[in-house]
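As a plain string of letters, each chain reads:
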Amino acid sequence: MNNLLPFVFALPLLGAGVAPLTRRSAWLQRALLLAVPAAVLVFAISLVAETRDGDVVTEQVAGWVPGIAIPFAADTFSALVLLVMAMLILLCSAFLIATGDERDPSVIPLVLVMSGGVFGAVVTADLFNFFVMIEVALIPSYVLITKSAQKAQLAAGRIYLMVNLFGSSILLGGVALVYAVNGSVQLGELAGAGSASGIAAFAGSVVLIALALKGALVPLHGWLPRTYPYTSPAITALFSGLLTKIGIYGLFRIVSVYFDGAESVQTVVLVVCIATMVIGAFGALGQTTMRSILVYSTVSQAGYIAVGLGFFGVTGLAAAIFYLLHEMIVKASLFLSAGAVETHHGTGQINRLGGIARREPLLGAAFLIAALSLAGIPPFSGFVAKFTVVRAAMDEQQYIAAGVAVAVSLITLLYMLKIWNAAFWGHESSDRSERVVSSGGGTVAVTTASQVRIATPLIVPGIVLALVTTSLGLGGEFLLSLAETAAHGLVDSSTYVEALTGR
Amino acid sequence: MILAVVLLALVVTAVAAPAIASRLGRNAGYPLAVAFLLIGALLATRAPDVLDGGTVSLNWEWMPSIGVSFHLHLDGLSLLFASLVLGVGALILAYCPRYLGTSEQHQRLYMLLTLFAMSMLGLVLARDLVLLFVFWELTTLASFLLIGGAGRTAVQPAARALVVTAGGGLALLAAAVLLSISAGTTNMSVIMADPSVVIESPLAPAIAVLLIIAAITKSAQLPFHFWLPDAMVAITPVSAYLHAATLVKGGIYLLMRFSPTFAHMTMWTVVLMVIGLTTMIVGAAFALKQHDLKSLLAYSTVSQLGFIIALIGVGTPGALAAAALHTFAHAMFKATLFMLAGIIDREAGSRDIRELGGLRRVMPVTATLTGLAATSMAGIPPFIGFISKEEAYSALLETPGPAWTGWLAALATVAGAGLTFAYGFRIFYGAFAGPTTQRKLYEPSMTFLLPAAIPAALGLVLGLTVGVLDPLISRTVEDTMLTESHAKLSLWHGFGSPLVLSALTIITGMALFFGRYPVDRALHRHRVPLTGADAFNHTVSGSIQLGSWIGLPARSHAIGAHIAWPLAALLVLGATGIAMRPDVAEPPLSTTRPHDWAVVALLAIAILALCLTTTRITAIVLLGAVGFLVGFWFLLAGAPDLALTQLLVEILTVVVAVLVLRRLPPTFRRIRRPRAILTAAIAVAAGTVAAAATFLLAGRRDRSAAADYLIHNAKKDSGGSNVVNTVLVDFRGLDTLGEVTVLAIAGIGLMALLRGTAEPNILPADSATAPPDRLGNMVIPRFAARVLVPMTVAISAYLLFRGHYEPGGGFIAALVAGVAVAVLQLPHGLDHPPRLRAPYLIYGGLALAVLTGIGGLADGSFLRPLHGHLGIGGAEISMTSSLSFDLGVFLIVLGMAVSAFDRLGRGTTGELPAREPELARNGQGGS
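Residues numbered from 1 in each chain as written. Chains lettered and ligands numbered in written order. Predicted model: local features only at pLDDT ≥ 70, side-chain atom pairs only at ≥ 80, totals over all residues. Heavy atoms only, no water.

### Quick word on the overall build of chain A
If you tally the helices and strands in chain A, you get 22 helices and four strands. Relative to the 2.2 N^0.38 estimate, which gives 23 Å for 503 residues, the radius of gyration of chain A is 22 Å and therefore close to what a compact globule would have. Along the longest, intermediate and shortest principal axes, the C-alpha atoms of chain A span 70 × 55 × 40 Å. Looking at chain A residue by residue over its 503 residues, the buried ones come to 72%. Here the contacts in chain A between residues at least 6 apart in sequence split such that 82% fall between residues at least 24 apart. Charge separation in chain A, taken as the distance between the mean sites of 24 positive and 25 negative side-chain charges, equals 16 Å. (Helix = DSSP H or I, 4+ residues; strand = E, 2+ residues; numbered from the N terminus. Rg over C-alpha atoms; globule rule 2.2 N^0.38 Å. Buried < 20%, exposed > 50% of the residue type's maximum accessible area, 1.4 Å probe, protein only. Contact = heavy atoms within 4.5 Å. Lys, Arg positive; Asp, Glu negative; His and termini not counted. Charge placed at Lys NZ, Arg CZ, Asp CG, Glu CD.)

### A few points about the overall build of chain B
Along the backbone of chain B there are 39 helices and four strands. Computed over the C-alpha atoms, the radius of gyration of chain B is 43 Å, more than 25% above the 30 Å expected from 2.2 N^0.38 for a compact globule of 927 residues. Along the three orthogonal principal directions, the C-alpha set of chain B runs to about 120 × 70 × 65 Å. Counting the 927 residues in chain B, one finds 55% classified as buried. Within chain B, residue pairs in contact and separated by at least 24 positions form 79% of the contacts whose partners lie at least 6 positions apart.

### Side note on the UniProt feature "domain: MrpA C-terminal/MbhD" (unreviewed entry) in chain B
The residues that UniProt annotates with the feature "domain: MrpA C-terminal/MbhD" (unreviewed entry) are residues 601-665 of chain B. A helix fraction of 85% and a strand fraction of 0% characterise residues 601-665 of chain B, whose end C-alpha atoms lie 31 Å from each other. (UniProt positions renumbered as here; feature names shortened; annotations may be inferred.)

### Observations concerning helix α19 (residues 364-378) of chain B
Residues and elements named next belong to chain B. In this model, α19 (15 residues) spans 21 Å end to end at C-alpha, consistent with the 21 Å of a helix rising 1.5 Å per residue. In terms of burial, α19 is a largely internal element, eleven of the 15 residues being buried. Inspection of α19 places T366, A367, L369, T370, G371, A373, A374, T375, S376, M377 and A378 among the buried residues, and these make up the whole buried set. G379 occupies a position one or two residues after α19 and carries a positive phi of about 80 degrees. (Expected span 1.5 Å × (residues − 1).)

### Re the pattern of salt bridges
Residues and elements named next belong to chain B. In the structure shown here, the tally under the stated rule is 20 salt bridges over all chains. Linking D345 and R351 is a salt bridge whose minimum nitrogen-to-oxygen distance equals 3.5 Å. R475 is paired through a salt bridge with D479; the nearest N and O atoms lie 3.6 Å apart. Pair noted here: R475 and D479 are both in helix α23 (residues 470-481), with a separation of four residues, about one helical turn. Taken individually, R475 and D479 each receive the classification buried, so the pair is uniform in this respect. (Salt bridge = Lys/Arg side-chain N within 4 Å of Asp/Glu carboxyl O.)

### Let's talk about unusual backbone geometry
Backbone torsion omega between L222(B) and P223(B) reads 0 degrees, so that peptide bond is classified as cis. Assignment of secondary structure puts P223(B) in the loop between α10 (204-218) and α11 (227-230). Not every positive phi belongs to a glycine, and A216(A) is a case in point at roughly 60 degrees. With respect to the secondary-structure elements, A216(A) resides in the loop between α9 (198-214) and α10 (223-227). A positive phi angle is found at Q397(A), which is not glycine, with a value near 60 degrees. Relative to the helices and strands, Q397(A) is located in the loop between α17 (381-395) and α18 (399-424).

### Things to note about helix α27 (residues 559-579) of chain B
Here α27(B) contains 21 residues, and its C-alpha end-to-end distance of 30 Å stays within 8% of the 30 Å for a straight helix at 1.5 Å per residue. Taken as a whole, α27(B) carries its principal kink of about 30 degrees at W565(B); the proline P566(B) stands between one and four residues after it. Residues of α27(B) that are buried include every one of I559(B), H562(B), I563(B), P566(B), L567(B), L570(B), L573(B), G574(B) and G577(B), and no others. Here the buried face of α27(B) lies against α6 (154-182), α9 and α10 of chain A together with α31 (673-697) of chain B. After α27(B) finishes, the residue R581(B) shows a positive phi value of roughly 45 degrees. (Bend = angle between axes of the 7 residues up to and from the residue.)

### Some details on the nonpolar core
Residues and elements named next belong to chain B. L121 and F258 are the most contacted members of the largest nonpolar core, which has 500 residues in total. At 21 residues, the largest contribution of residues to this core is made by helix α17 (residues 317-348). If we ignore the near neighbours within four places in the chain, the residues touching L121 are V6, L7, L10, L43, A82, V85 and L86. (Core = buried A, V, L, I, M, F, W, Y, C linked by side-chain atoms within 4.5 Å.)

### Topic: the interface of chain A and chain B
Listed per partner, the contact involves 120 residues of chain A and 108 residues of chain B. Interface area, chain A with chain B, both sides summed: about 9,600 Å², of which 75% is carbon and sulfur. On the chain A side of the interface with chain B, the three residues burying the most area are W64(A), I68(A) and W425(A), jointly 8% of the side's total. Our enumeration of links across chain A and chain B arrives at one salt bridge. Across the pair D126(A) and R732(B) runs a salt bridge, and its minimum N-O distance is 2.6 Å. (Buried area = accessible area lost by both parts, 1.4 Å probe.)

### Here's the deal with the environment of G855(B)
Looking at where G855(B) falls in the secondary structure, it is placed in helix α37 (residues 838-855). Here the alpha-carbon distance between G855(B) and S881(B), two residues 26 residues apart in the chain, equals 8.4 Å.

### Looking at the packing of α6(A) against α9(A)
Residues and elements named next belong to chain A. At a closest axis distance of 8 Å, the pairing of α6 and α9 adopts a crossing angle of 160 degrees. When the axis of α6 is compared with that of α9, the two are roughly antiparallel. Note that α6 runs across α9; the crossing there is left-handed. For the pair α6 and α9, contact is made by V163, N164, G167, S168, I170, L171, G174, V175, L177, V178, V181 and N182 and by I199, A200, A203, G204, V206, V207, A210, L213 and K214, respectively. (Axes fitted to C-alpha atoms, helices over the stretch in contact; angles between N-to-C directions. Parallel < 35°, antiparallel > 145°, perpendicular 65-115°, else oblique. Left-handed = near helix turned anticlockwise from the far one by under 90°.)

### Digging into the packing of helix α16 (residues 361-374) of chain A against α18(A)
Residues and elements named next belong to chain A. Two elements in contact, α16 and α18, have axes separated by 9 Å at closest approach and are oriented at 165 degrees. When the axes of α16 and α18 are compared, the pair comes out roughly antiparallel. Between α16 and α18 lies a crossing of left-handed hand. Residues L363, G364, F367, L368, A371, L372 and L374 of α16 touch α18, and the partners they reach there are T412, L413, Y415, M416, I419, W420 and F424. Classifying every residue of the contact of α16 with α18 by side-chain character gives twelve nonpolar, two polar and no charged. (Nonpolar A, V, L, I, M, F, W, Y, C, P; charged D, E, K, R; others polar.)

### Observations regarding the packing of aromatic side chains
Residue and element names in this part refer to chain A. Counted according to the given criterion, the structure contains 31 aromatic pairs over all chains. Between Y160 and Y228, the ring centres sit 6.3 Å apart and the planes meet at 45 degrees, which makes this aromatic pair tilted. You can see Y160 sitting in helix α6 and its partner Y228 sitting in the loop between α10 and α11 (233-258), a full 68 residues away along the chain. What makes Y160 buried here is its relative accessible area of 0%. (Phe/Tyr/Trp six-rings, centres within 6.5 Å; stacked < 30°, edge-to-face > 60°.)

The following block contains the structure:
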């Protein structure tokens, strides 16, 4: 089991390497694009099974002694994140195939390498390697965002590139400072360093800033709404589900292992997360396209996810982990459903859409379920997530955080209703229905988009994820107990650390 | 068990409903009504038990991790509400077929109505706080979908209803969480069993307030009442069922359910009575203003719910008995009135009360039923509405606290009830009296009328035989007050204050009715300055405005505007760090040597010049100079590998940068002075912080354990004597694999992004047609190519192979080879595609590197280097798989360099060609 762990990184890379061999056959290409995340998904499921009692699967890559080798380690937390990420990549890839984006020969290797990067980042237990993995995940994203941006929006790609390169420089600088202070970049050897000494905390804080930038926490969030909405829908879904979440994942890991949940970090996290929830939600309310609303929502929800880190305890972290996984699923579902609409109608402007729920009841149901789940309404997973977060906050007597979390979920409902009312229930006036539907192969056919049903493969990924959020709401216990185990592993990271250091 | 069966039966019915509806059309309501009755009968089998003081309970694990269980419980209070849910539900479903049109589809409606019934039943049966909340929200959702299903005009009202009630739901959620924290469980049985635990906790007032907010939003009390009249856009069966009889009673149920805990809290009493009585009077006054029957009924519902809430606030057994009875009575007459309003609407084509004169002549049965229900609502004997009002008066007079409060409450109720009488009488009058305005109307069929007739008649029959409700009401009081109760309901209470108040009510009502013209004028003279819906809309649009302001900074196109935030965060962190005067160790050995300062000085000069230059080419050269200096510094510090890499990277960077420069204007845009000063200040601050961080954090400890280990064991472990290279390909090969992947993607990205770059005009092979000066320019590069390239390739190969032992390795070798490619390519670049194909190099290199890594599994781990001996002609050569890995690295880096020269070297030096997205979409890979 453990010596297969590096393959979460190696397999997608190998897939990218052999991608040109499949160029002759579209079916082979598709099979490659789907098989790799599917294989990782299966592996992740077995990892979850392996670690569900709190065990840690460790591999000292290349078999060197602990402390010298780069360790890969999977505890319940990483296994769960890996699982959900693999699932998202699988479904987003299916969506890519449905939109025809995969016909571009470079897209498959790019998506595969990006997945390899995020998978690697989730299982690596070496801070420098974490940086490398993030770079591996990001560099395809630079290409993808620039490639898929419309010409007028190349500025988005430029800003994305510059901000992320800057963020990576901060991360690298932070890692360097951590090494300079502690003489190691292996997480196990760094355990508790940040709470033990002031300068180590300072070095770690530089890393935290970089991760907060990647995870788009307020006030480091502005680049996200400026860039994410301007790529193709499937790519936005991937970015939102993978890249920002890697930042969040890193925050969890560093705060729990390096800082050992130090009080001062908790306070900062709390303040930042409260601001993130509020600013992101209001920002979403002010937007007018489906995806820009959803992207701001990603910001706001990042606050919900990380707020649990601000009251570092088993209940808080279990809630945070549950929230993280739930948000990844639900947000991807929304992006994919919105993407299906956008691909079909050629616009994401909510006031230029209307009546979709009547024409596409299944898509409408999937979107509504995910939207309600996002707003934390039962019986969907968002409810369990919100309930556990609020309960943990109140349990820790963080009434402000709890109150904000509750109040902001009403704003969440408002901005999701904004999309729903306009695009799904709203009017479809005749002058708008005459729209250009561009089909693949460069030919452009003028058809009335509203008269043609949206292709089934486009709506299936969103529906699948909507079903997942429903089952995680009704059968929340399954994930709750796993999240609790994962939280135990973060609050008391000794098992993780022992597995890494071999002591 | 039976409780779960009941809920499950409703779910099954809901799932089956669309199928039934697609087969039977609108008539699907009949089998569904029968299903409701059967389910009701099933539940009723346990009623005698419950009325005798027993309970039916079911407790299944649901989410044990957070202590939440699927816990259902049937007691008197639940039974009261369950009978409304299923009873009125059956009537409404039987009413639907004749009300609905034949043309549309009704699958959605029937399914949602059944699902709503399930949720509402779940709400009144739930015995776990979280489960209660889940069902509470489900009823809200069903209401949202049912209102919004009425068409486009219903979208905004549906949204308002959802947001207001979901907002209340959030209050309930918060209350549930606080309750579970203060009581230590979400099990309501445990919480109810000992109210003192909760009531004595400091959280109790907050819980009470939150519960009240939840209840008054659901039950449409001031100031949240506005969603309910709006919701009347829904079709009439929905209004009758959800927005009169059941859903809006959710708040009532909640307050009654938590009465055992909070009824004795003064704040609870005061707040509920104030809100309830105010809503009762204001709602009734609004109702009197309405001409549209449904609007009138909606405001009437608001008012009547206020009445019940005030009674709950009183918190005495008598008051709760009255509240329970009135809940029941209200469901009877209000459902009837709504159904009749629907019938009249369908038959007469109008719901305007002014147009409905003298219906008794053309629709005598409809008129009679309307009269019955209106009379019950007005509180006239012998209807059940009279009895519940009488009970209420006597309960109000006994309000805890000073005697005047009771009288004040009672008189306020008289005012509200007087208004109720007035509008009730107005409906009655509209139905019976006056000239017949529409003569061509006919009585609707009995099947249409029957569902309305049953509750109308019940209102009268139960009024006469009210004693049969005694056990139910007693049990309800016992469940809500936790005291023994023996309700004795009767039509005639004897002479006393309640009767006086009743008389006073009727007098007030009559006065209001007979003076209806001046009353109307007075009511219509004062327009409400701000309706709830307006306030709601203003708040929402204000929030949207606020949101778009919040989004402004992020809209900037300038990179600086986006970099500023993380930079500021770093500066704040740095300033904080420095201000805290960290306690740092002394460096173990001196880190500064004199010649370092020379390098630093040169670097400073180069950087300063770089900042001041106005031409791009100078900037590139200076940037290169900075890079060389750093490389030189590495060399001085004893790191030849780093230095070599740095120098080669700098060479390639300059070459590539020059290629890019061809497409850019030769000078930078002028920057205005204030901006330049600002950016300079930021840069200096950032530099200072970075320097301080480096000074304080770096070089202050002994060599790390890992470094020590590598220096001593690298050769033994890996066979290589160049520690840097062994780190790169052996110890941290994974990092290298990652980094070369980055380069690989950079190469692939270049190929993909610049695919649209104009293809070079291939010159004809005949050199005679080529421009002569160009041919002349080629001489030197071509010569260089012939001599230099083979040499460089040889050096590169040598560097690759010796990398494990001396400075060199795949990375450095590839950079050297890259220089060779540059030399070879640049003269041709404009005319010929390169001979080396970047994609093959990159993908091949990546696959080779990964496959080598996989080979490591033979020795236990990914990327584990394999050592072996190869015998060639008797000579034993020691081989390691690290070389193969390094070869992969070499190929990728070289491929990346080739792709850069290829893509950036192409095209004319003119303007940047436009990208062609379509081309990119369909283009083939490679060149």
